[in-house]
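For reference, the chains in residue letters:
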Number of protein chains: 2
Amino acid sequence: MEVLPGRPRENTARMLADLRTAQADGIQLIVFPEMAVPGYLIGDEWERTSFLRECDDCSRELCAASNGLVAIFGSVGIDWERHNEDGRVRKYNALFLAEDGALVGPAGGPYEFVIKTLMPNYREFDDSRHFFDLRKLAQEERRPVEALTTPVKTRLGLLGCALCEDAWNTDYGLSPLEMLTRNGAQVLVNISCSPFTMNKNHKRNRVYSTHAHHLKRPLIYVNNVGIQNNGKTVFTFDGASCVYDTHGNQVACGRPFEDTCLTLDIPVDPAAAFGTPVELRHDGVESIYGAISYGTRKFMDLCGVHKVTVGVSGGIDSAVVAAVYGQLLKPTDLLLVNMPSRYNSSTTRSLAKGLAENLGAFYAEIPIEDSVKLTQGQLHQLAIRGGGKKKGTLELSALILENIQARDRSSRILAAASAAFGGVFTCNANKSEATVGYTTLYGDLCGYLANLADLWKGEVYALGQHLNDSVYGRPVIPAGSFDVTPSAELSAAQNVDEGKGDPLVYPYHDLLFKSWVESWDRTTPEEILEWYAAGTLEQKLGYPGKLSGLFTSAEAFVADLERWWNLYQGMAVAKRIQAPPVLAIKKRAFGFDHRESQMGPHYTKRYTELKTRVLKR
Amino acid sequence: MEVLPGRPRENTARMLADLRTAQADGIQLIVFPEMAVPGYLIGDEWERTSFLRECDDCSRELCAASNGLVAIFGSVGIDWERHNEDGRVRKYNALFLAEDGALVGPAGGPYEFVIKTLMPNYREFDDSRHFFDLRKLAQEERRPVEALTTPVKTRLGLLGCALCEDAWNTDYGLSPLEMLTRNGAQVLVNISCSPFTMNKNHKRNRVYSTHAHHLKRPLIYVNNVGIQNNGKTVFTFDGASCVYDTHGNQVACGRPFEDTCLTLDIPVDPAAAFGTPVELRHDGVESIYGAISYGTRKFMDLCGVHKVTVGVSGGIDSAVVAAVYGQLLKPTDLLLVNMPSRYNSSTTRSLAKGLAENLGAFYAEIPIEDSVKLTQGQLHQLAIRGGGKKKGTLELSALILENIQARDRSSRILAAASAAFGGVFTCNANKSEATVGYTTLYGDLCGYLANLADLWKGEVYALGQHLNDSVYGRPVIPAGSFDVTPSAELSAAQNVDEGKGDPLVYPYHDLLFKSWVESWDRTTPEEILEWYAAGTLEQKLGYPGKLSGLFTSAEAFVADLERWWNLYQGMAVAKRIQAPPVLAIKKRAFGFDHRESQMGPHYTKRYTELKTRVLKR
């Protein structure tokens with residue numbers, strides 16, 4: 001099901017309707033996802049008593065409606081008598097099981113609900129901030145964790161119930177699913193609220209398949225769809241609920257991002273065969289497109305957005321954004337705006353126009369030349385006075401003039417034009433630009449949502465190709481937008497017709513930045529320079545070419561490395577703090593997934609010593 | 001000491017120098033704060049191996065330099081052989097004790113450092129995200145927590161060493177300081193990295209005083225100064241390190257926000273008297289000023305900012321911001337810019353000018369009239385085309401025109417003028433405006449730092465008065481800025497000379513918003529309406545007047561309540577995501593202290609029912 005975060009009443013109404021359908025269909029067990037009542041990523045809303053009471057009321061209503069079947073759903077379990085370690089009321093991330101109108105808790109436990117044992121506190125998760133877990137409860141009650149990790153006895157047999165991370169136990173030193181099985185569980189149920197991340201379903205499949213096979217129990221996995229956010233970072237949930245047989249085969253699976261009901265006969269006898277193994281697909285560009293398209297659509301719904309304005313430069317990023325929205329909106333609800341200055345080539349201007357024609361969208365060309373001149377006239381050599389006397393003048397440098405153009409486009413034109421059009425405007429930044437802040441704050445780094453900001457530049461090109469080839473089946477994004485030199489076109493030095501443009505070199509910088517941000521062992525200049533010195537950097541980064549083709553000397557290599565590292569850890573952090581929300585697609589989206597502090601760039605002593613050696617050679 | 005986050009080498013160099021001084025002075029015990037080597041609020045920098053190795057190297061260097069004394073300092077304790085529950089290398093928030101060049105760990109423990117037992121996971125703290133704690137270690141080692149909570153045996157006696165939250169144990173169900181004392185500790189040491197929060201030192205004093213008195217042990221509390229941030233939220237650290245005698249008296253205390261060395265003779269015999277009790281001060285407006293002034297200065301240092309531009313409207317917020325910077329910068333490094341449109345009264349324009357004169361700062365008046373006209377001319381009734389044909393026109397509403405003015409000021413003029421002046425520009429938003437988003441994104445809600453954004457409007461006035469009365473000792477902020485009706489002056493409906501202005505009514509809305517955001521039991525419309533219905537709302541909020549003077553009917557009350565709640569939970573969240581960093585002063589600053597999700601406003605069923613009853617009366 002789709003879970004709406006912070007909307008217990010709406011979620012409960014939906015579940016009540018599903019319960020009635022299930023009862024009419026003679027279903028014996030119905031399973032809803034983790035935190036199906038309150039939602040999961042809801043910030044500090046957990047600290048509001050009235051919200052908690054509302055969730056409590058909803059859980060009771062669901063329980064009362066469970067006549068004739070067993071219903072499982074996730075919600076917040078509240079103990080109004082005890083407190084969390086922050087002194088607030090005791091809250092558990094809980095699984096409720098209702099049978100014939102009554103809640104049934106695990107045998108021997110203190111509550112009528114099942115408590116999550118393992119608390120994820122990495123990436124976007126903050127479970128320990130809000131929830132007391134079963135391990136702490138066991139310590140408090142002076143009982144072993146295993147004594148509290150028992151199945152729930154139902155008319156259908158002993159159900160081993162667990163929540164999300166309880167199955168991802170590799171690094172925790174204990175396995176709730178094993179404990180449940182040792183304590184007699186005949187069928188295992190895991191309810192989750194697990195965001196989509198590229199290739200995560202493959203890992204999930206390995207993890208769950210191993211449990212089912214190893215424990216020889218059917219395993220039901222139920223995950224929600226929808227979007228939830230932490231403010232800065234927006235996560236999609238792809239559902240893909242499924243069932244594993246006792247051999248570890250996935251025998252039924254919901255389609256990703258589909259609010260759907262999966263019905264299956266599951267034998268309680270662990271030896272019995274059931275279902276037909278389904279084939280697993282790999283995440284590729286279709287998965288990226290699926291998540292971006294779904295996430296963007298749902299975010300528009302969340303914000304009540306029906307009309308969208310995209311600033312289109314003729315380059316690939318804005319073209320891909322426009323093409324994504326072209327699938328989500330009627331052409332009359334999509335406005336593309338090209339905002340040329342003297343530095344914009346006729347090449348890119350006609351690419352922008354061609355894109356609008358291909359999409360059938362509204363189009364306007366709104367030049368910034370007059371306004372930039374006005375600003376220049378007002379500010380350049382403006383006298384500033386102190387004590388009534390002229391004491392200085394302001395001078396506009398070339399860089400300031402570049403930024404004036406970028407801000408003129410977004411903060412002056414797009415903000416006003418999109419409001420007049422009746423909606424919002426988009427941020428077209430990609431992850432490569434966002435990493436090093438190759439963007440202007442209040443300029444191209446603004447808008448209501450940055451839906452490509454978790455994609456490296458190379459991934460944006462691939463998505464563009466996928467849109468043309470498979471989504472539209474025709475070249476809505478003009479070939480020229482793929483071929484033109486990526487360029488901000490903010491000065492004569494960025495003339496695309498002369499092949500001049502951005503200082504980033506793809507795919508090298510994509511791969512370098514990826515190793516800083518996304519790789520498990522997140523690198524720093526220390527590792528990069530070590531690999532460079534050892535001649536293994538190409539291989540470590542997966543760079544297909546030779547670095548000697550990019551950098552003529554060690555000095556040039558080090559200068560480039562430090563230039564971008566300084567920006568990534570310096571000004572770019574300041575920019576990201578004020579950047580639009582990012583749609584998360586992969587591991588380590590900026591915001592709440594990749595948490596950052598403004599500290600300025602740091603180089604280790606080992607790096608500094610290595611650099612001296614490398615440059616001395 | 002001042003701890004620089006993410007700068008282990010700089011922090012270590014500073015500590016090494018202090019060690020040498022202490023050795024020369026014959027000091028026997030020197031104590032540095034928690035996380036003195038790496039810093040504490042450093043985002044996910046903890047996931048970088050090279051950073052951890054650098055911290056390890058620094059800890060070893062400090063240890064090697066501890067000849068002739070006992071040195072205590074905080075750093076990350078790393079076990080490269082084990083892992084955290086997220087699969088990354090095992091990290092502890094640790095206290096290192098070095099004596100004569102060697103690390104000494106607590107008796108019977110597995111490590112040569114002391115491990116933090118209690119992990120704060122509320123407000124800005126994320127300890128469980130990064131650190132394994134002593135309770136988990138005890139579970140892993142199958143030993144009681146108390147067996148691992150032992151003092152360190154030194155030449156000075158048995159030192160009971162703990163970290164920050166270990167002393168704030170009220171809600172944890174166990175007391176590390178008690179355990180240490182039961183295990184023989186003669187003197188207690190608590191190293192902290194505890195951000196300043198209004199009135200927190202009073203609570204801290206109660207907590208520590210009770211421990212010292214109850215356990216009958218001298219208690220040394222060492223906290224750092226400096227600033228550290230989580231990106232969106234900037235925290236000041238006020239140090240205020242101190243020592244408690246066995247009666248619970250504070251007998252020595254460092255001045256807040258001062259990087260200072262506190263030296264004292266502490267008898268190891270618990271019965272011996274020492275020191276002279278110091279008097280405790282209450283946090284008032286001087287404390288707010290102290291934190292804002294210190295935090296702003298340190299944030300400028302962090303960002304390498306030496307010149308600041310402030311947009312001044314003649315109103316109180318921008319005047320207070322300018323006056324704060326007036327104390328931190330030479331007059332020639334401060335530029336005040338007034339940007340009038342047709343709607344700005346001569347009243348506010350002359351107030352802005354008067355302020356600049358009083359501060360002796362640079363001043364410029366840069367009108368926005370021509371640019372707004374240009375934008376209006378470009379966009380109003382602009383034809384937008386689809387399929388080559390004119391299909392519609394853009395219309396600029398009155399609200400859009402208001403926002404165009406606000407963005408013109410900040411994104412067009414201030415951004416460029418401040419860059420030309422050689423620095424940054426400020427965000428002057430207060431917490432009342434930030435709560436309900438009574439600001440324009442890319443307009444007045446932009447800038448490099450929002451240093452008043454944790455102060456309610458009433459607190460801004462009080463700070464202004466304090467600046468005039470006590471900091472400057474003369475009315476640098478003109479009396480008119482206190483008296484003028486608060487107004488955005490963006491339309492004829494906001495004419496201050498006619499007493500018209502913002503729709504917020506102070507102090508009522510300050511108090512209402514405070515109960516939503518800052519109060520421990522954070523209210524929602526449900527509680528507010530309950531109190532209104534019961535006639536107790538004035539008393540609950542601390543509102544000095546009568547609500548009947550503000551709202552002529554229940555309908556008017558409810559309409560106002562829902563108007564601001566909708567904004568607070570709706571559009572204002574979207575604005576805060578892209579807002580500048582906030583300097584935290586009190587509990588629940590926006591950003592990482594008050595975490596939010598974009599979900600839209602929520603009303604409980606109980607609220608809806610109550611509303612029906614209240615409106616029916």
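Reading the values: the criteria
- Residues numbered from 1 in each chain as written.
- Chains lettered and ligands numbered in written order.
- Predicted model: local features only at pLDDT ≥ 70, side-chain atom pairs only at ≥ 80, totals over all residues.
- Helix = DSSP H or I, 4+ residues; strand = E, 2+ residues; numbered from the N terminus.
- Buried ≥ 20, exposed ≤ 12 C-beta atoms within 10 Å, placed from the backbone.
- Contact = placed C-beta atoms within 7 Å.
- Least-squares fit on C-alpha atoms with pLDDT ≥ 70 in both.
- Expected span 1.5 Å × (residues − 1).
- Bend = angle between axes of the 7 residues up to and from the residue.
- Core = buried A, V, L, I, M, F, W, Y, C linked by C-beta atoms within 7 Å.
- Nonpolar A, V, L, I, M, F, W, Y, C, P; charged D, E, K, R; others polar.
- Pairing = 2+ DSSP bridges.
- Arc of directions from axis to C-beta.
- Right-handed = clockwise from strand over helix to strand, strands pointing away.
- Axes fitted to C-alpha atoms, helices over the stretch in contact; angles between N-to-C directions.
- Parallel < 35°, antiparallel > 145°, perpendicular 65-115°, else oblique.
- Left-handed = near helix turned anticlockwise from the far one by under 90°.
- Domains from an automatic or database assignment.

**Here we look at the overall build of chain A**
Per the secondary structure count, chain A includes 21 helices and 20 strands. Projected onto its principal axes, the C-alpha coordinates of chain A cover approximately 80 × 60 × 60 Å. Looking at chain A as a whole, 56% of its 617 residues qualify as buried. Look at the contacts in chain A between residues 6 or more apart in sequence, and 71% of them connect residues 24 or more apart.

**Remarks on the relation of the copies chain A and chain B**
Expressed as a screw transformation, the operator carrying chain A onto chain B has a rotation angle of 180° and an axial translation of 0.0 Å, and the superposed copies differ by an RMSD of 0.0 Å. Each copy turns onto its partner about a two-fold axis. Scanning chain A for the C-alpha nearest the rotation axis identifies Q578 of chain A, at a separation of 2.1 Å. The residues that chain A uses at the interface reappear at the interface of chain B in 100% of cases, marking a shared surface.

**Looking at helix α14 (residues 457–472) of chain B**
Residue and element names in this part refer to chain B. Taking 1.5 Å per residue as the helical rise, α14 with its 16 residues ought to reach 22 Å, and the 21 Å between its terminal C-alpha atoms agrees with that figure. At H466, α14 shows its strongest bend, of approximately 30°. The set of residues buried in α14 consists of K457, E459, V460, Y461, L463, G464, L467 and N468. Against α8 (285–303), α9 (316–328), α13 (431–436), α15 (479–483) and α16 (508–517) lie the buried residues of α14. Phi turns positive, to about 70°, at G473, one or two residues after α14.

**Details of the nonpolar core**
Judged by nonpolar contacts, the single largest core of 325 residues is most densely connected at L336 of chain A together with L336 of chain B. Apart from residues no more than four positions distant in its own chain, L336 of chain A is found in contact with V310, V312, A322, A352, L355, A356, A361, F362 and Y363 of chain A.

**Some points on unusual backbone geometry**
At the junction of Y506 of chain A and P507 of chain A, the peptide bond is cis and its omega measures out at 0° in the coordinates. Here P507 of chain A shows up in the loop between α15 (479–483) and α16 (508–517). Even without glycine at this site, C164 of chain B takes up a positive phi of about 35°. Along the chain, C164 of chain B turns up in the loop between β7 (157–163) and α6 (176–182). One non-glycine residue with positive phi stands out, namely N199 of chain B, at about 70°. Locating N199 of chain B in the fold gives a position in the loop between β8 (187–192) and α7 (200–215).

**Notes on the interface of chain A and chain B**
Contacts between chain A and chain B engage 95 residues on the former and 96 residues on the latter. If you tally residues by element for the side of chain A that touches chain B, the top one is helix α12 (residues 398–421) of chain A, at 12 residues. Residue composition of the side of chain A that touches chain B, grouped by class: 36 nonpolar, 31 polar and 28 charged. The pairing of strand β16 (residues 362–365) of chain A with strand β17 (residues 383–386) of chain B spans two bridges and is antiparallel. Across the sheet, residue F362 of chain A finds its bridge partner in β17 of chain B, namely G386 of chain B.

**Structural notes on the environment of V558 of chain B**
Residue and element names in this part refer to chain B. Relative to the helices and strands, V558 is located in helix α19 (residues 554–569). You can call V558 partly exposed: it has 19 C-beta atoms within 10 Å. In this structure, the C-alpha to C-alpha distance between V558 and P525, residues 33 residues apart in sequence, is 9.0 Å. Look past the residues within four positions of V558 in its chain and what remains in contact with it is K611, V614 and L615.

**Topic: helix α1 (residues 8–24) of chain B**
Residues and elements named next belong to chain B. Here α1 contains 17 residues, and its C-alpha end-to-end distance of 24 Å stays within 8% of the 24 Å for a straight helix at 1.5 Å per residue. When α1 is considered as a whole, its buried residues turn out to be P8, N11, T12, M15 and L19. Taken end-on, α1 shows its buried residues confined to a sector of 95°, consistent with a single buried face. With respect to the buried face of α1, the exposed residues turned more than 90 degrees away are A17, R20, T21 and A24. Just beyond α1, the residue with positive phi is G26, at close to 75°.

**Comments concerning the pairing of strand β15 (residues 334–338) of chain A**
Residue and element names in this part refer to chain A. The buried count for β15 comes to five of five residues, which makes it a mostly enclosed element. Crossover handedness for the path strand β14 (residues 308–311) to helix α9 (residues 316–328) to β15: right-handed. Here β15 pairs with β16 via four bridges, running parallel. Bridging from a neighbouring strand, N338 pairs with E365 of β16. In this fold, β15 hands off to helix α10 (residues 346–359), which returns the chain to β16; that crossover is right-handed.

**Observations concerning the pairing of β8 of chain B**
Residue and element names in this part refer to chain B. Here β8 lies mainly inside the structure; six of its six residues are buried. Two strands pair when backbone bridges link them, and β7 and β8 are joined in this way by five bridges, in the parallel orientation. Note on β8: the bridge partner recorded for C161 is V189. Where the polypeptide runs from β7 across α6 and back to β8, its parallel neighbour, the crossover connection is right-handed. One ladder, built from five bridges, connects β8 with strand β9 (residues 219–223); its direction is parallel. Paired with S192 across the strands is N223, a residue of β9.

**Regarding the sheet that holds strand β20 (residues 582–584) of chain B**
What holds strands together in a sheet is hydrogen bonding between their backbones, with the strands either parallel or antiparallel. Residue and element names in this part refer to chain B. Pairing is mixed across the open sheet formed by three strands, whose spatial order is β10-β11-β20. The open sheet has two edge strands, β10 (225–229) and β20, and neither has a second partner. Pairs of neighbouring strands in the sheet enclose a mean axial angle of 25°, with direction left out of account. Alignment of β10 against strand β11 (residues 233–238), held across five bridges, turns out to be antiparallel.

**Brief notes about the sheet that holds strand β10 (residues 225–229) of chain A**
With respect to topology, three strands assemble into an open sheet ordered β10-β11-β20 (chain A), the strand pairing being mixed. Looking along the sheet, the strands with just one partner apiece sit at the ends: β10 and β20 (582–583) of chain A.

**So, the packing of α9 of chain B against α14 of chain B**
Residue and element names in this part refer to chain B. Remark: α9 packs on α14, axes separated minimally by 9 Å, with the N-to-C direction vectors making an angle of 40°. The orientation of α9 with respect to α14, classified from their angle, is oblique. When the axes of α9 and α14 are compared, the crossing they make is left-handed. Each of I316, D317, A319, V320, A323 and Q327 in α9 lies in contact with α14, whose residues at this interface are V460, Y461, L463, G464, L467 and V471.

**Section: the domain arrangement of chain A**
Residues and elements named next belong to chain A. Partitioning chain A into structural domains gives domain 1 (8–283), domain 2 (290–503) and domain 3 (505–617). Between the C-alpha centres of domain 1 and domain 3 there is a distance of 39 Å. At the interface, 11 residues of domain 1 touch 11 residues of domain 3. Broken down by element, the side of domain 1 that touches domain 3 gets its largest block of residues, three residues, from strand β11 (residues 233–238).

**Structural notes on the environment of F32 of chain B**
All names here are of chain B. By the element assignment, F32 lies in the loop between β1 (29–31) and α2 (49–64). Note on F32: 25 C-beta atoms within 10 Å, which makes it buried. The spatial distance from the C-alpha of F32 to the C-alpha of F73 is 4.6 Å, given a sequence separation of 41 residues. Sequence-distant contacts of F32, defined by excluding residues within four places in its chain, comprise M1, M15, I72, F73, G74 and V222.

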